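Tertiary structure, described
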Amino acid sequence: MKPAAFDYERPKSLAQATGLLGEDPYGNRVLSGGQSLGPMLNLRLVQPKCLVDVRKIPEMTVAEEDNGALLLGGCTTHSAIEDGTVPDVANGMMASVAAGIACRAVRNKGTVGGSLTHADPAADWPVCLLALGAEVTLHGPSGQRSLRLQEFLRGPFETSIEPGEILSRVRIPKISASARWGYYKFCRKVGEFAETMAAVLIDRDRDIARVVIGATEGRLIVLDQGFDPALDFDSGQAAAIVDEHLPGADSYKRRLHTAALRRAVAEATT
Amino acid sequence: MNDAHQGVGAPLPRKEDDRFMRGRGRFVADIKPAGIREVAFVRSPLAHARIRGVRVPADIRDRVFLSNDLEDVQPIKAVSALPGFKSSVQPAVAGDKVRHVGEIVGICVADTRAEAEDLVAQVEVDYEELPAIHDMLQAREEGAALIHDEWGDNVFLESFVDVGDILAVAARAAIKVEREYRTARQCMAPIEGRGVIAEWDTRLEQLVVHSATQMPHIVRSGMAECLGLDHGRIRIIAPDVGGGFGYKGILLAEEVALGWLARHLRRPVRWIEDRREHLIGNANCREHHYKITGYADADGRLIGLEAEAHVDSGAYSAYPFSACLESAQVGSILPGPYDFEAFRCRTWSSCTNKPPILPYRGVARTGVCFAMELVLDAIAREAGKEPHQVRLMNLPPPEAMPFDNITAKHFDSGDYPTCLKKAVDAIDLSGVRDRQKSVGPDGRRIGVGFSIFCEQGAHGTTVYAGWGIPMVPGHEQCGARLTPDGELELRIGAHSHGQGLETTLAQVAHEILGIDPGLVRLVHGDTGVTPYSTGTWGSRCMVMSGGAVASACEALAERAKKIGAALLQAEESEVRVEGGSVVALNNAMSLVDIARTWYLKPQDLPIDVDPSGLEVTVGYKPKVDTGTFSYAAHAAVVAVDVEIGHVEILDYVVVEDGGVLVNPMIADGQVYGGTVQGIGTALYEEMAFDERGQPLASTLADYLLPGTAESPDIRVLHMETPSPYTRFGQKGIGESGAIGPPAAIGNAVNDALKEFGAEVARLPITPRRIIAALEEAGA
C-alpha cells in the first residue's frame, strides 16, 4: 500500500496552478487536504503523474463576508469552520456540521473544496451546502466560471469540474436571523461515512423551505418546491417523500432516510 | 501476601509502560539492518483458480521469485491425530492452484516497498478460475467443487459427541427451543500488523528471523521443518510486539518465504504487512453456524441440548493449532458451565476458499457462548422466567467443585451462582424492568441481557496430547540468574505483547525472593537465549510462566542460601531468603552483595563453597494440568432505536473470577480490552465474502472496529476463588472479556425487541439486521 511514484508541485498562484494542471490535464491532479486522495494514492486507485498542491495559494484559504454571502476558499479546513475562525452566515449550522465530520485529525487537514470535488454522496458538505444554496467557482486555464452546487454535483463521485480546473471558492448565502435549520445523520460508528443523512433549511424571510437527503446510492435528493414542513410533519409524510424520490432504495434504506428526514425536520421546527 | 505490596496481588504500575508511552518500544518495523531489501508479495486476486502460467518481464526476473524457485521448500502441514482429520498442504508460494484471495503467488524484492509493489504490478499471472466455495454449508453440498482435489469432499474433520439419552430428554421436555445462529467471519486487528525480517548469519551459518510472533519457539520448529534446517540453525526473535490475540500465534507462509529468500540472496530481507493484505488475505477467524435445540422442563430448567455446528475453517489448516481446534472444541465446550442430562452435538470443520481461520482470543468460546446463551434466553421467555432464574437452575454450586461437566471438562473451582447474582444486582435488573414499563420520548426500547461462561486456560500436556497437533505443551521453564550487579534476570520462552509480563513476573519473583521488582529484568521472545516454550496462547502465561518463575526463584534462593550461609559463617539450615537478602540469626547479606562476591570477588568465598552458581533453569507444571477454569458473568443494558436499528450500550458489567489476581490492575486491563473486542464481534465486525469468494472489506472503512466512542464505561467486579492446582491459585483470564459480549448484547437486544416478537440470530447485530428482524416480525 505505497503509492506509485509521482511528482509534486506547490504553486503560489492560481495561474501557476492551472498552468501546471494544463501540462497534463488528465494525468496531473489537485492535492488539497489529501484525506480521500491520500488513501486512494496508497491503494494505487489513482496514479497521477504530478500532484499540484494548492494549499499555499492565498485565494484558496480566504474566508470573508461579501455582499450577503460568505466566500470560502476551497482549501478552508473543516476544523477552521468547526472552530468558528470563519464568519458564521448560517446560524451555527456549518460549525455544527463540521464538528461531526470524521475525527479531528481528518478535520484539521480535510477541506471544503476537496469534499465537494470528491462528491461522496455520504459526505457532509454536499448535503449541508446544498441545503444552504451554495455556489462554487471553478478556475480553469481560460478563466473562471460559477455554478450552483446543485449543477456542480452530478452524481456519486461525479461533478462538472473539467480536467485542469480547480474549485477555488464556495459562496454561501447568508441566512436570515429567523431561519431555522435541522441536520441529522446516522453513522454506524462515530466518524464513519453516514448510512443516511438529511438537512433542512426553513428561511421564511427569504421564502426558502428546502430539504436535502444524502447517503443515497445515486444523486442527492434536493426538494425546494412544494415542501412545507410544519410542526406535525410525521413519519408518514417523510416516508411519502422518500418513496417518491428514492423509489429504488431497499426497505432498510427507505426506513433510514425516512427517520433522518423526520428527525431533521423536527430539529428545524421544534 | 507481601507487606511491601509489590508481590502477588499488588496493582503495580506496568514497568514496560515507560518505554511504550514514550514511543521507545522497538517493533519489527523499527529494525533496519544495513543493506536490507524490502519484499512485496504477488497475491491471488481470485478465491479458487488453477495457475496456467506466470509471466515475468525479463528485466525484472532476478527480483521476482516464484513457486519453482522455492522447490526445495517443504509446504506447511498442520496435522491432527483426531480420527478422520484430513491434512492440507499449504505451499509458502502457490504453484499450481490458489485456494483463497490473498494467497501468495510470487515474491518481489526491491530497495523500497513502493518499488517492490511496482514489480508486483508487472507480474502477470494467468489464472483459470474455478467455482469458489464461499460458505461453510455450501462446502458440504452434493457436487460442490473440491478445494483439495484428493480429499473427495470439503471437510477437514467431522466430530460427534453423544452423552446421555437425548431422545428420552426430548420426549419429556415441556419446552423445546429450536434456533439457527450464525457468527461472522472476523479479522483480528492488533495495532501492529505482522512483520518479518530474515537474515542469514554467515558466521554462525544461522538464519536469524525477527518476527512479530507470540510463539518464537514454535515458529522455529515450523521453519526448521519447511526449510530443512536443524533447530540450532534458526534463531527467531520476537522484539516488542503490538498485540497478538492469536493473529501472531501461527507459522506464517511469509516467514517461510523470507527465510528461504534471505538464505538464497545472502541479504537481509524485510516484509511489513499492510492493512490491506491483513484484511483480505490473512486475519480470518471466528465464523460459526449452529442449528441448535434446547430442551427444558416446564420451569425452564435445561435438560438437554442438541446441535449441529459448522466452523468455516478456510482453505488451509494453520500451523500449529490445525483446522480441528475450533470445530472439535465446539463439540466439547458448547455445554458451558451448565449441568444437564443429555448432550448430542455433531460438528464439521468445513474447508472453504477463504483464508484459514486462526485462533482469536476466546477461540471457539465466543460463538459457543452466543449460541448457548441465546437459547437459554429463548427458554426463559417460553417459561416466563427471568433469564438468570433459568440459568441458576443449572449452574453448579460451589460445593460441587471440582466439577466434571457432561463433556468431562474438569472445572477446578468457583462459585458460578454467586457470580451471576452479583451481575444481576450490579446491573440493577429490577430498575431496568421498571424503566421498560414506558417508552422514553426518543422512542428507543431498553433491553437487558446476561451471559455466563467459563474460560479454560493453561491447557496442559494431557489436554493437547490427544489432539495430536504439531505442538504439545509440557513443563514450562524459566531460567533465572543473578547478574554481577545483583539484578535478577528471568528468561522465559513465552512472549509478552500487551499482557504485562515484565511486571507480573517481577511481582512473582518479589513474592519469592523479596527482591525489588525494579531489579528484575525479563528476557523473552528469543529462541537464542530463552528456554523452549510453546509460547503465549490459551491464557497460559500467568499460570505457566508464573509458576516456572516461582519455581526457578525458589531454586535460586537455595543456591544463594548456600553461598550466603558460607559468607555469613552460618549453617545453611539457619538462613532464609527474605526481603532480597539472605538472613541469618544475627546478620544478613543482600543478594546484590552475594552476587558481587560470587562473580567479582571469588577470592572472598570459602574454598569449599558450593560450586553450582547463581543461575538455574527449572520446569513447572500445575498439579493437575487440565487447565484452570476462570469464569465470568456479563450484563448489558442497551437502547435500541427501532426506527434505524442503532444499538447503544447504556451500561456494561463484568463479574470476573480469575482466581488469585497477581496484578488486579493488569487483570482489569485484560477484561476491558477483551470486552471491547467482544463488542466488535457483537455489533460491528464482519468480513463478508461474495459468491466468488471475494472479500468485501479491504480497508478499515469497510471493516468496522469499535473505537473509543463505541466503548461504554465497563464496570468490572472481581471474585477471587483460588485454583487448587496452580502456584498461587491464579487462573488464566486473558480471553474472557472477548467471550461474553456477543451473548450478553444479543440477549439485551432481543429483550428490547421482545414486545415486537422479533429476535436477532446473527452476528454482528447491524442496524440492517435489526430492521430485518423487526420487519420479519411484522413491526
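Refer to the structure printed above.
What counts as what
Residues numbered from 1 in each chain as written. Chains lettered and ligands numbered in written order. Predicted model: local features only at pLDDT ≥ 70, side-chain atom pairs only at ≥ 80, totals over all residues. Helix = DSSP H or I, 4+ residues; strand = E, 2+ residues; numbered from the N terminus. Rg over C-alpha atoms; globule rule 2.2 N^0.38 Å. Buried ≥ 20, exposed ≤ 12 C-beta atoms within 10 Å, placed from the backbone. Contact = placed C-beta atoms within 7 Å. Pairing = 2+ DSSP bridges. Axes fitted to C-alpha atoms, helices over the stretch in contact; angles between N-to-C directions. Core = buried A, V, L, I, M, F, W, Y, C linked by C-beta atoms within 7 Å.

**Let's talk about the overall build of chain B**
- Per the secondary structure count, chain B includes 19 helices and 30 strands.
- In terms of overall dimensions, chain B is globule-like: its C-alpha atoms have a radius of gyration of 27 Å, near the 28 Å expected for 779 residues.
- Along the first, second and third principal axes, the C-alpha atoms of chain B reach 90 × 75 × 50 Å.
- With 779 residues in all, chain B has 59% of them scored as buried.
- Of the contacts made within chain B by residues no fewer than 6 positions apart, 80% connect residues no fewer than 24 positions apart.

**A closer look at the sheet that holds strand 28 (residues 628–641) of chain B**
Residues and elements named next belong to chain B.
- Taking strand neighbours across the sheet as the criterion, the four strands line up as 20-28-29-30 in an open arrangement whose pairing is mixed. Each end of this open sheet is capped by a strand with a single partner; those strands are strand 20 (445–457) and strand 30 (714–719). Recorded for the sheet is a direction-independent mean angle of 20° between the axes of neighbouring strands.
- The pairing of strand 29 (residues 646–657) with strand 30 spans six bridges and is parallel. In the strand pairing of strand 30, Y652 is matched with I714.

**Quick notes on the sheet that holds strand 26 (residues 588–590) of chain B**
All names here are of chain B.
- Strand order in the open sheet made by the three strands is 24-25-26, with antiparallel pairing throughout. The open sheet has two free edges, formed respectively by strand 24 (576–578) and strand 26, since each of these has just one partner strand. The average angle at which neighbouring strand axes cross in this sheet is 30°, direction not considered.
- The pairing of strand 24 with strand 25 (residues 581–583) spans three bridges and is antiparallel. By the bridge assignment for strand 25, V577 is matched with V582.
- Contacting strand 24, strand 25 and strand 26, helix 14 (residues 541–568) crosses the sheet at an angle of about 60° to strand 25.

**A few points about unusual backbone geometry**
Residues and elements named next belong to chain B.
- Geometrically, the link from Y319 to P320 is a cis peptide bond, its omega value of 5° lying close to zero.
- Within the secondary structure, P320 is located in the loop between strand 16 (302–312) and helix 7 (325–333).
- Backbone torsion omega between M401 and P402 reads -10°, so that peptide bond is classified as cis.
- Note on placement: P402 falls in the loop between helix 9 (387–392) and strand 18 (403–404).
- One non-glycine residue, R266, lies in the positive phi region at around 55°.
- Among the residues examined, R266 registers 9 C-beta atoms within 10 Å and is labelled exposed.

**A few points about the environment of A34 of chain B**
Residue and element names in this part refer to chain B.
- As for its position among the elements, A34 is in the loop between helix 1 (17–21) and strand 1 (37–43).
- Classification of A34 as exposed rests on a count of 5 C-beta atoms within 10 Å.
- In this structure, the C-alpha to C-alpha distance between A34 and R267, residues 233 residues apart in sequence, is 9.3 Å.

**Brief notes about the nonpolar core**
- Residues C128, A198, V200 and V212 of chain A together with A509, V638 and V749 of chain B are the most contacted members of the largest nonpolar core, which totals 325 residues.
- Among the elements that take part in this core, helix 14 of chain B stands out by supplying 17 residues, more than any other.

**Topic: the environment of T85 of chain A**
Residue and element names in this part refer to chain A.
- By the element assignment, T85 lies in the loop between helix 3 (78–82) and helix 4 (93–99).
- Taking the number of C-beta atoms within 10 Å as the measure of exposure, T85 has 12 and is therefore exposed.
- C-alpha separation for the pair T85 and A63, spaced 22 residues apart in sequence, amounts to 8.6 Å.

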